[in-house]
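Examination of the molecular architecture
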Amino acid sequence: MSTPVAENRVPVYRPYLGAEVASAAQSALEAGWLGMGKLSREFELELERFLHLDERRVVSTNSCTEALHIAARLIGLGPGDEVIAPAFTYVAGHQAMSRTGADIVFCDIEDEYLSIDPARVEELITERTKAILAVDYLGLPCQLDRLMEIAAKHNLRVIEDAAHAFGSYNQGRAVGSFGDITCFSFGPVKTITTLEGGAVVTSNPADVQALHELRHLGIDSDTDARYKNQRNWEFDVVRQGYRCHLGSVPAAIGLAQLAKADEFIHNRQEYCRTYDKAFAELAARGDIKLFDTEWKDVAPYIYVLRLSDGGRRQALIEHLNARGIATGIHFLGAHEFSFYAGSRRGEMPVTEAATQQVLTLPLHPYMDEDTLNRVSQAVIEFFAPDLETA
Ligand SMILES: *Cc1c(COP(=O)(O)O)cnc(C)c1O
């Protein structure tokens with residue numbers, strides 16, 4: 001049926017699901033309080049500690065998509081408003097925004113780290129613009145300081161989609177510890193997972209109350225009781241809300257994952273350096289482009305090669321697949337999707353090139369030397385059989 005090498009395949013992602021993760025889930029099940037509860041709160045507090053938050057607060061959710069959605073509701077996005085967003089990101093961000101009735105305006109990215117280009121953002125601002133959506137691509141921090149300046153000048157909000165950047169630092173500051181609103185993902189394949197989950201980080205205590213209401217059916221006074229594994233039977237409903245809280249079992253899994261986050265991140269950084277070293281010659285020859293980083297402050301979610309000739313990408317995908325190595329593409333251009341065909345957009349030369357050139361290689365929290373070597377050598381063999389060393 002399939003080729004013999006299909007066994008022992010190297011997947012793009014491999015979540016860590018060790019014994020302590022299973023036992024954390026088991027204990028939470030045995031405690032018998034399954035909904036949002038003490039463990040959800042404990043997870044939020046541990047996240048606040050991990051992210052070095054001071055005034056800022058974490059509101060956990062059942063996904064990053066929902067975190068982005070309640071962030072969009074929080075800032076009052078709705079019909080008639082525009083959100084300037086990169087086309088080069090996962091469609092979760094666009095969907096979370098457009099669900100409010102707001103229009104997405106697609107913006108180009110800068111060529112170095114593939115995050116939204118502040119200069120292009122400024123060109124797209126109109127009187128309808130209400131927010132900027134920024135993404136920390138693969139964990140590399142976006143130019144948030146520049147975007148915050150632009151936002152201040154034009155009275156805009158900035159939502160940072162940091163789904164890829166949990167544990168990254170931007171000029172010495174943890175992603176999430178500065179800026180306006182930051183959203184994280186703890187989805188199945190992200191740097192830490194709660195199976196499905198996410199969080200919003202906000203700086204304003206008034207926003208926290210609103211986010212609690214948005215997270216849980218518009219109910220005004222439910223959160224404090226639930227954080228003690230209790231329920232309020234008397235309450236008011238004060239706004240349109242949704243239902244996207246993080247339950248106790250996912251929170252327990254998140255706590256077990258978070259305890260290992262430093263190790264996951266350290267390992268991922270090391271594997272990225274190993275790949276970079278293996279591919280240095282290919283980069284020097286001009287076959288591929290690597291990101292200009294030592295990975296010191298970057299918590300990498302994926303490892304991405306940029307092919308100089310995007311026309312060869314499909315052949316490389318097939319070459320690696322035949323050797324049992326899975327790959328991914330982050331991202332397609334969302335401005336090409338049918339649903340967003342009518343959306344306003346700027347010129348997008350960098351996006352158009354990047355969507356053809358990027359290829360994601362396997363990156364896991366734990367990889368052995370043989371696997372890293374197998375992936376690297378297979379890539380080198382494709383571009384330069386003469387350079388093969390192993
Ligand atoms: C994974 C991802 C999301 C969505 O996260 P979920 O937790 O799966 O909803 C949003 N944005 C980006 C850039 C992502 O990679």
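Basis of the calculations
Residues numbered from 1 in each chain as written. Predicted model: local features only at pLDDT ≥ 70, side-chain atom pairs only at ≥ 80, totals over all residues. Heavy atoms only, no water. pLDDT = per-residue confidence, 0-100. Contact = heavy atoms within 4.5 Å. Domains from an automatic or database assignment. Buried area = accessible area lost by both parts, 1.4 Å probe. Salt bridge = Lys/Arg side-chain N within 4 Å of Asp/Glu carboxyl O. Polar contact = N/O pair within 3.5 Å; in protein donor to acceptor, adjacent residues only side chain to side chain. Nonpolar A, V, L, I, M, F, W, Y, C, P; charged D, E, K, R; others polar. Helix = DSSP H or I, 4+ residues; strand = E, 2+ residues; numbered from the N terminus. Buried < 20%, exposed > 50% of the residue type's maximum accessible area, 1.4 Å probe, protein only. Axes fitted to C-alpha atoms, helices over the stretch in contact; angles between N-to-C directions. Parallel < 35°, antiparallel > 145°, perpendicular 65-115°, else oblique. Left-handed = near helix turned anticlockwise from the far one by under 90°.

Describing the confidence of the model for the protein
- Per-residue confidence for the protein gives a mean pLDDT of 96, with 97% of residues at or over 70.
- Across residues 1–6, where pLDDT falls below 50, the model places three contacts with residues more than four positions away in sequence or in other chains.

Let's talk about the domain arrangement of the protein
- Under the domain assignment used here, the protein contains domain 1 (19–258) and domain 2 (261–327 + 362–383).
- Inter-centroid distance (C-alpha atoms) of domain 1 to domain 2 is 29 Å.
- At the interface, 21 residues of domain 1 touch 18 residues of domain 2.
- Taken as a group, Leu 138, Leu 140 and Thr 191 account for 31% of the area that domain 1 buries against domain 2, more than any other trio of residues on that side.
- In this structure, the connection of domain 1 to domain 2 is made through two salt bridges.
- Between the two partners, domain 1 and domain 2, sit eight residue pairs in polar contact (both at pLDDT 80 or more).
- Of the residues contributing to the side of domain 1 that touches domain 2, the split by class is twelve nonpolar, six polar and three charged.

Regarding the environment of His 164
- Structurally, His 164 is set in the loop between β5 (157–161) and β6 (169–170).
- On the accessibility criterion, His 164 (6% relative accessible area) is buried.
- Put simply, His 164 and Gln 143 are 21 residues apart on the chain and 15 Å apart in space, counted from C-alpha to C-alpha.
- Among residues more than four places away in sequence, those in contact with His 164 are Asp 136, Tyr 137, Leu 138, Gly 139, Lys 190, Ala 299, Tyr 301, Ile 302 and Phe 331.
- Only 2.9 Å separates the side chain of His 164 from the backbone nitrogen of Leu 138, close enough to count as a polar contact.

Describing the packing of helix α12 (residues 313–322) against helix α14 (residues 369–383)
- For the pair α12 and α14, the least separation of the axes is 10 Å and the interaxial angle reads 135°. In terms of orientation, α12 and α14 fall into the oblique class. Relative to α14, the crossing made by α12 is right-handed. Counted together, Ala 315, Leu 316, His 319 and Leu 320 of α12 and Ala 378, Val 379, Glu 381, Phe 382 and Phe 383 of α14 form the full contact between these two elements.
- Across the contact of α12 with α14, the residue classes break down as seven nonpolar, one polar and one charged.

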